[in-house]
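Each chain, written out:
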Amino acid sequence: GVLYMQQGRHVEAEEVLKERRRLGDVHASMALGDFHMKRGRHAEAEEHFKEGRLRGHPDASTLLGILCMQQGRHAEAEELANEGRQLGNSHASTLLGTICMQQGRHAEAEKVLKEGRQLGDRPASTQLGMLYMQQGRDAEAEAVLKEGRRLGDRSALTQLGMLCMQQGRDAEALEVLKEARRLGDRS
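First things first, this report covers the structure right here in the doc.

About the thresholds
Residues numbered from 1 in each chain as written. Predicted model: local features only at pLDDT ≥ 70, side-chain atom pairs only at ≥ 80, totals over all residues. Heavy atoms only, no water. Helix = DSSP H or I, 4+ residues; strand = E, 2+ residues; numbered from the N terminus. Buried < 20%, exposed > 50% of the residue type's maximum accessible area, 1.4 Å probe, protein only. Contact = heavy atoms within 4.5 Å. Disulfide = S-S within 2.5 Å. Salt bridge = Lys/Arg side-chain N within 4 Å of Asp/Glu carboxyl O. Axes fitted to C-alpha atoms, helices over the stretch in contact; angles between N-to-C directions. Parallel < 35°, antiparallel > 145°, perpendicular 65-115°, else oblique. Left-handed = near helix turned anticlockwise from the far one by under 90°. Nonpolar A, V, L, I, M, F, W, Y, C, P; charged D, E, K, R; others polar.

1. Digging into the overall build of the chain
For step 1, the next point in the chain: Assigned secondary structure in the chain consists of 12 helices and zero strands.
For step 2, the next point in the chain: Along the chain, helices (α) and strands (β) appear in the sequence α-α-α-α-α-α-α-α-α-α-α-α when read from the amino end.
For step 3, the next point in the chain: Reported as C-alpha extents along the three principal axes, the dimensions of the chain are approximately 55 × 35 × 25 Å.
For step 4, the next point in the chain: Taking all 187 residues of the chain together, the buried fraction comes to 43%.
For step 5, the next point in the chain: Intrachain contacts of the chain at a sequence separation of at least 6 include 43% that bridge at least 24 residues.

This is how it looks when you write it as structure tokens:
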């Protein structure tokens, strides 16, 4: 099913994943949830993520939280992000940090995103860099985004390029943004 998705054979992928799900494969249920979320089929995605959560999949709470956040259900998303963190899902820190940023809880966002970085959550570095940029803490933002760049986080490259542009370092910005494009960042 996942191979079919990668090949762009979405109808076949969905059929195979549904069959695997019927056979009790929780990973197929999670893949279906991701498949549906990316296509805007949120009710179906939520059903699959909830099933994964009930069956103990370690990513289910975080993915369900992302879906809730996208729908503006922030309180529910925050609960799920905290649950994901308790289950050891490092990406839950990025989710919780993003929620805190959106709500203006910057000190809490900074704390959570720093913890996420320590757990190896690369997107947490990018979010932390963005938080620092919003606060005008450009030197700290640059350091964090450069770390993200070193770790291969394409989104960090884009944000670093934006920071360079804001500072009038156009040649460096262009170099960094070209690197992000080569690596496939579309943000």
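2. Here we look at the state of the cysteines
Each disulfide is one covalent bond, formed between the sulfur atoms of two cysteines.
For step 1, the next point in the chain: Taken as a whole and judged by the stated rule, the model has zero disulfides.
For step 2, the next point in the chain: Counting only cysteine sulfurs, Cys100 is the nearest neighbor of Cys68, a cysteine outside any disulfide, at a range of 16 Å.
For step 3, the next point in the chain: Residue classification places Cys100 among the buried positions, given a relative accessible area of 0%.

3. A few points about the pattern of salt bridges
For step 1, the next point in the chain: For the structure on display, the rule yields 27 salt bridges.
For step 2, the next point in the chain: A salt bridge links Glu19 to Arg22, with the nearest nitrogen and oxygen atoms 3.1 Å apart. Within this pair, Glu19 and its partner Arg22 are both found in helix 2 (residues 10-22), separated by three residues, close to a single helical turn.
For step 3, the next point in the chain: Glu19 sits in the partly exposed class, given a relative accessible area of 38%.
For step 4, the next point in the chain: Note that Glu51 is salt-bridged to Arg55, the shortest N-O span being 3.5 Å.
For step 5, the next point in the chain: It is possible to trace a salt-bridge network through shared partners that takes in Glu14, Lys18, Arg41 and Glu44.

4. Observations concerning the packing of helix 5 (residues 60-70) against helix 7 (residues 91-102)
For step 1, the next point in the chain: Relative to each other, helix 5 and helix 7 sit at 25°, their axes nearing to 9 Å. With respect to helix 7, the axis of helix 5 lies roughly parallel. The element helix 5 and its partner helix 7 pack so that their crossing is left-handed. Residue-level inspection shows Thr62, Gly65, Ile66 and Met69 of helix 5 in contact with helix 7, the latter providing His91, Ala92, Leu95, Thr98, Ile99 and Gln102.
For step 2, the next point in the chain: Its residues placed into classes, the contact of helix 5 with helix 7 shows five nonpolar, five polar and no charged.

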